[in-house]
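# Residue-level structural notes
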Number of protein chains: 2
Amino acid sequence: MRIAVVGVGLIGGSIGLAARALGHEVVGFDADARVLVQARERGAVDAGAARLAAALAGADAAFVAAPVGVLPAVVQATLDAAQSGCVVSDVGSTKRTLIAASADERFVGGHPLAGAETAGVRHARAELFRGATWYLTPATGTSGVLYERLHRLLAAFGAQPTAIDAGEHDRVMSSVSHLPHVLANVLVAQAARALGEDAERLPAIGPSFRDATRVAGANGAIWTDIYLANRDALIAGIDDVGARLARVREALLAGDREALASWNEGAAEDRRALLEAGVAGGPVHELRASVPNRPGVIADIALALGRANVNIVDMALSPSAGGTQGVVALWIRGDEQADRACELISGQGIPVARA
Amino acid sequence: MRIAVVGVGLIGGSIGLAARALGHEVVGFDADARVLVQARERGAVDAGAARLAAALAGADAAFVAAPVGVLPAVVQATLDAAQSGCVVSDVGSTKRTLIAASADERFVGGHPLAGAETAGVRHARAELFRGATWYLTPATGTSGVLYERLHRLLAAFGAQPTAIDAGEHDRVMSSVSHLPHVLANVLVAQAARALGEDAERLPAIGPSFRDATRVAGANGAIWTDIYLANRDALIAGIDDVGARLARVREALLAGDREALASWNEGAAEDRRALLEAGVAGGPVHELRASVPNRPGVIADIALALGRANVNIVDMALSPSAGGTQGVVALWIRGDEQADRACELISGQGIPVARA
């Protein structure tokens, strides 16, 4: 396969390395020509293109790894330059800003949950995505063939591609990432101010404070964009936190021991449930579904399974000769998960069987 | 020395082990007789007393390690049972609730910042306090002789005794511990609810969420008491967080990139400043101050140095024969810190010199 990487930083460079390790040909483009030189030296691309169109020429898949702030524009330019059979994805940490691009059957929004502590192609590595959830946000118009190609490629990187609705993705990320960052920033600011001139006499920052503020003031160039791109979900999250704090405040003011104890116990249960979620194991089952050849059917299946937290380990699509029907093979880990997948697919009126 | 430990759990048991390792005699008391048996088996006490008064008989120092909720009552009972020359301290994580006891010249509030992930005397160990800040909250009436005895004992445990005003202590702890716990609870609750029925489909909790919520739902038996005992400072902290969140919300709503960027940058600076604070090193200097023999003078010096983040590595008090004057030797780490200590002590009208 020929793969275009648009923006060759840590993530783009790691995609290049992972793809090249699989034997694919990778052409890179970057707004900064020096970065492209580094990417070649690092072995993250076979060649660098001076213009976006040149990078896309003949590409079967393209990844846009540009900053969130310019992402919609670069994705659109990439779609304009890409050929008809090229799947285009991105790696941005918010997804609803790309809703316009989702009207294009070649576009599938993406977001690998992979480390970004260090930036730049110098830190890129082929193993970055191994074991990482890689969210995909197919839309109703998404081409099943192109979705499957992307899914298989990401699975080959060692990632776990997981379909999710774009809006749901942004709410999830607001809850589990953006809001914790906001609260970390608020915590350090209040501590610095609360201690006032005595700030210097804080000899022993406890582990709870260290943990809670580890991400405070994270890379501003990236995070300002993320906060803005996901501001609707983030504002909703801030309002929710405000309402919850108001209730704790009330219980404190009233000296309501029972309310505080049950609130604290609830938090313990919530954390347990959240951390235990999504831990799946067991043998891998192959399912085969006969799908009508209409746009969006693969995306529908992927989203339905994603919504139920059923992880598709791998997938393969075989269009029929006649072109009206096809077979999609799905590999699902875990007995229960495979049963659930059969149910969900049958529920969509699609015949499915264990292979 | 004969040392009484009232409440022989993780902290009380570790005090017993540390004291016995130094050759002191330790008598324990616990409301639960079985715990006392375990403490003897663990070697945390030389003997267990069936009644509080028996544990205090002849004691030179007493540590009350009872739950925060009953702490004021148990401290008072301990003071009632202790002889006139016995220094009484506690290990509670809030200090203003003990303000009544501080009227007694024998009482010095205390709070070791040492791990409490695991509870019970079974997990007690002599090294628990090594390197840990151990806050002390002497009051104006505190006996200098008894304060010095306590300070030296804690330093011998390997801890860093640090004098701090009780109210200031509670504000600091609210900022760096209690509030992070509250926000962790709020974060997990909002995530669990925001994801609603989809909570189970949270396949990949990011590191920022894990870090920020590590303490969510911490031991309810302990934390409900802590929240209540420190509710004034905690309510002030919650109000401050609310006001800060409102400003972030406003910037998000207005799409104010500059405001968000500078807020984020401020958080990065605050964190850096907070974590770098209190890191002191250098050679240890001995200072000798001639102090008038009046109550509170040692507490005043300790508080003044504590406030300036000057750490007293060790101290020794030699009352003069006449009883009107004494000499206190202070060991201070770091050239700059020793200079600062001289300044501060001279500033109180007390003659001081490098030894």
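Residues numbered from 1 in each chain as written. Chains lettered and ligands numbered in written order. Predicted model: local features only at pLDDT ≥ 70, side-chain atom pairs only at ≥ 80, totals over all residues. Heavy atoms only, no water.

With that settled, consider the overall build of chain A. Secondary structure assignment for chain A yields 12 helices and 12 strands. Expected size for 355 residues packed as a compact globule is a radius of gyration near 20 Å; at 23 Å, chain A falls within 12% of this value. Projecting the C-alpha coordinates of chain A onto the three principal axes gives extents of approximately 75 × 50 × 35 Å. Out of the 355 residues in chain A, the part that is buried amounts to 55%. Pairs at least 24 residues apart make up 70% of the contacts formed inside chain A by residues separated by at least 6 positions. (Helix = DSSP H or I, 4+ residues; strand = E, 2+ residues; numbered from the N terminus. Rg over C-alpha atoms; globule rule 2.2 N^0.38 Å. Buried < 20%, exposed > 50% of the residue type's maximum accessible area, 1.4 Å probe, protein only. Contact = heavy atoms within 4.5 Å.)

Another aspect to go through is the sheet that holds strand β5 (residues 87-90) of chain B. Backbone-to-backbone hydrogen bonds join strands into a sheet, with any given pair of strands oriented parallel or antiparallel. Residue and element names in this part refer to chain B. The mixed open sheet is built from 8 strands, whose spatial order is β3-β2-β1-β4-β5-β6-β7-β8. For this open sheet the edge positions go to β3 (47-48) and β8 (160-163), each flanked by a neighbour on one side alone. One ladder, built from 4 bridges, connects strand β6 (residues 107-112) with strand β7 (residues 133-137); its direction is antiparallel. Paired with Gly110 across the strands is Leu136, a residue of β7. Packed onto the sheet, helix α1 (residues 10-21) meets β1 (2-6), β2 (25-29), β4 (61-64), β6 and β7 and runs at close to 165° relative to β1. Lying over the sheet, helix α6 (residues 166-194) contacts β6 and β7, oriented at roughly 140° with respect to β7. (Pairing = 2+ DSSP bridges. Axes fitted to C-alpha atoms, helices over the stretch in contact; angles between N-to-C directions.)

What follows covers the pairing of strand β8 (residues 160-163) of chain A. By the bridge criterion, 4 bridges tie strand β7 (residues 133-137) of chain A to β8 of chain A in an arrangement that is parallel. The residue of β8 of chain A that forms the bridge with Trp134 of chain A is Pro161 of chain A.

Before going further, it helps to spend a moment on the interface of chain A and chain B. The partner chain B presents 85 residues to the 85 residues of chain A that form the contact. Both sides of the chain A and chain B interface together cover about 8,100 Å² of buried area, and 63% of this is carbon and sulfur. Summed over the shared surface of chain A and chain B, the number is 6 salt bridges. For the salt bridge of Asp225 of chain A with Arg257 of chain B, the shortest nitrogen-to-oxygen distance reads 2.5 Å. The interface formed by chain A and chain B holds 18 residue pairs in polar contact (both at pLDDT 80 or more) in total. Going through the elements one at a time, β7, β8, α6 (166-194), α7 (207-212), α8 (220-229), α9 (231-254), α10 (257-276) and α11 (297-307) of chain A are the ones with two or more residues in the side of chain A that touches chain B. Here the residues of the side of chain A that touches chain B are counted per class, giving 48 nonpolar, 18 polar and 19 charged. (Buried area = accessible area lost by both parts, 1.4 Å probe. Salt bridge = Lys/Arg side-chain N within 4 Å of Asp/Glu carboxyl O. Polar contact = N/O pair within 3.5 Å; in protein donor to acceptor, adjacent residues only side chain to side chain. Nonpolar A, V, L, I, M, F, W, Y, C, P; charged D, E, K, R; others polar.)

Turning to the packing of α6 of chain B against helix α9 (residues 231-253) of chain B, a few remarks are in order. Residue and element names in this part refer to chain B. Where α6 meets α9, the axes come as close as 9 Å, and the angle between the chain directions of the two elements is 65°. When the axes of α6 and α9 are compared, the crossing they make is right-handed. Here α6 contributes Asp170, Arg171, Ser174, His178, Leu179, Val182 and Leu183 to the contact with α9, which in turn contributes Ala233, Leu234, Gly237, Ile238 and Val241. Counted by class, the contact of α6 with α9 contains 7 nonpolar, 3 polar and 2 charged residues. (Left-handed = near helix turned anticlockwise from the far one by under 90°.)

Further remarks concern the packing of aromatic side chains. Residue and element names in this part refer to chain A. Within this structure, the stated rule accounts for 14 aromatic pairs over all chains. Ring geometry for Phe129 versus Phe157: centroids 6.2 Å apart, planes at 25°, classification stacked. Of this pair, Phe129 sits in the loop between β6 (107-112) and β7 while Phe157 is found in the loop between α5 (144-156) and β8, placing the two residues 28 residues apart along the sequence. Judged on exposure class, the residue Phe129 and its partner Phe157 are both buried. (Phe/Tyr/Trp six-rings, centres within 6.5 Å; stacked < 30°, edge-to-face > 60°.)

This part is about the nonpolar core. Counting 61 residues, the largest nonpolar core has Trp134, Phe157, Leu305 and Leu330 of chain B as its most contacted members. Residues within four places of Leu305 of chain B in sequence aside, it is in contact with Val310, Ile312, Leu330, Ile332, Ala341, Leu344 and Ile345 of chain B. Residues Leu36, Ala159, Cys342 and Ile350 of chain A belong to the second largest nonpolar core, which totals 60 residues. (Core = buried A, V, L, I, M, F, W, Y, C linked by side-chain atoms within 4.5 Å.)

Residue and element names in this part refer to chain A. Spatial strand order, β3-β2-β1-β4-β5-β6-β7-β8: 8 strands in an open sheet with mixed pairing. At either margin of the open sheet sits one strand with a lone partner, and together these are β3 (47-48) and β8. By the bridge criterion, 4 bridges tie strand β1 (residues 2-6) to strand β4 (residues 61-64) in an arrangement that is parallel. Within the sheet, the bridge partner assigned to Ala4 lies in β4 and is Ala62.

On to the environment of Arg34 of chain A. Residues and elements named next belong to chain A. For Arg34, the location among the structural elements is in helix α2 (residues 33-42). A relative accessible area of 62% places Arg34 in the exposed class. Counting along the chain gives 230 residues from Arg34 to Asn264, while the straight-line C-alpha distance between them is 52 Å.

On to the relation of the copies chain A and chain B, then. Each of the two copies of the chain can be brought onto the other by a rotation about an axis and a shift along it. Rotating chain A by 180° and translating it 0.0 Å along the rotation axis places it on chain B, where the RMSD comes to 0.1 Å. Classification of the inter-copy transformation places it as that of a two-fold axis. Proximity to the rotation axis, assessed at the C-alpha, singles out Ala212 of chain A in chain A; its C-alpha lies 2.0 Å from the axis. (Least-squares fit on C-alpha atoms with pLDDT ≥ 70 in both.)

This paragraph deals with the environment of Gly217 of chain A. Mapped onto the elements, Gly217 of chain A comes out in the loop between α7 and α8. For the pair Gly217 of chain A and Val186 of chain A, spaced 31 residues apart in sequence, the C-alpha separation works out to 9.8 Å. Leaving out residues up to four positions away in the same chain, Gly217 of chain A has contacts with Asn185 of chain A together with Asn264, Ala267 and Ala268 of chain B.

On to the confidence of the model for chain A. Predicted confidence across chain A gives a mean pLDDT of 87, with 92% of residues reaching 70 or more. Predicted complex metrics record ipTM = 0.75 and pTM = 0.75. (pLDDT = per-residue confidence, 0-100.)

So, about α9 of chain A. Residues and elements named next belong to chain A. With 24 residues, α9 extends 34 Å between its outermost C-alpha atoms, agreeing within 8% with the 34 Å of an ideal straight helix rising 1.5 Å per residue. Within α9 the residues assigned to the buried category are Ala233, Leu234, Ile235, Gly237, Ile238, Val241, Arg244, Leu245, Val248, Ala251 and Leu252. Following α9 by one or two positions, Gly255 has its phi on the positive side, about 60°. (Expected span 1.5 Å × (residues − 1).)

In this section: the pairing of β6 of chain A. Residue and element names in this part refer to chain A. Counting buried positions over the 6 residues of β6 gives 6, a clear majority of the element. The alternating pattern of β6 places Phe107, Gly109 and His111 and Val108, Gly110 and Pro112 on opposite faces, both of which are buried. Here strand β5 (residues 87-90) pairs with β6 via 2 bridges, running parallel. Considered in β6, the bridge of Val88 is made with Phe107.

Before going further, it helps to examine the environment of Thr137 of chain B. Residue and element names in this part refer to chain B. Along the chain, Thr137 falls in strand β7. For Thr137 and Gly110, which are 27 residues apart along the polypeptide, the C-alpha to C-alpha distance reads 6.2 Å. Every residue in contact with Thr137, bar those within four places of it in the chain, is listed here: Lys95, Val108, Gly109, Ile164, Asp165, Ala166 and His169.

All names here are of chain B. Between its first and last C-alpha atoms helix α5 (residues 144-156) spans 18 Å; for 13 residues at 1.5 Å apiece the expected length is 18 Å, and the two agree. Buried within α5 are the following residues: Gly144, Leu146, Tyr147, Glu148, Leu150, His151, Leu153, Leu154 and Ala155. Its side-chain oxygen 3.3 Å from the backbone nitrogen of Val145, Ser143 forms the N-cap of α5. Downstream of α5 by a residue or two, Gly158 has a phi angle that is positive, lying close to 95°.

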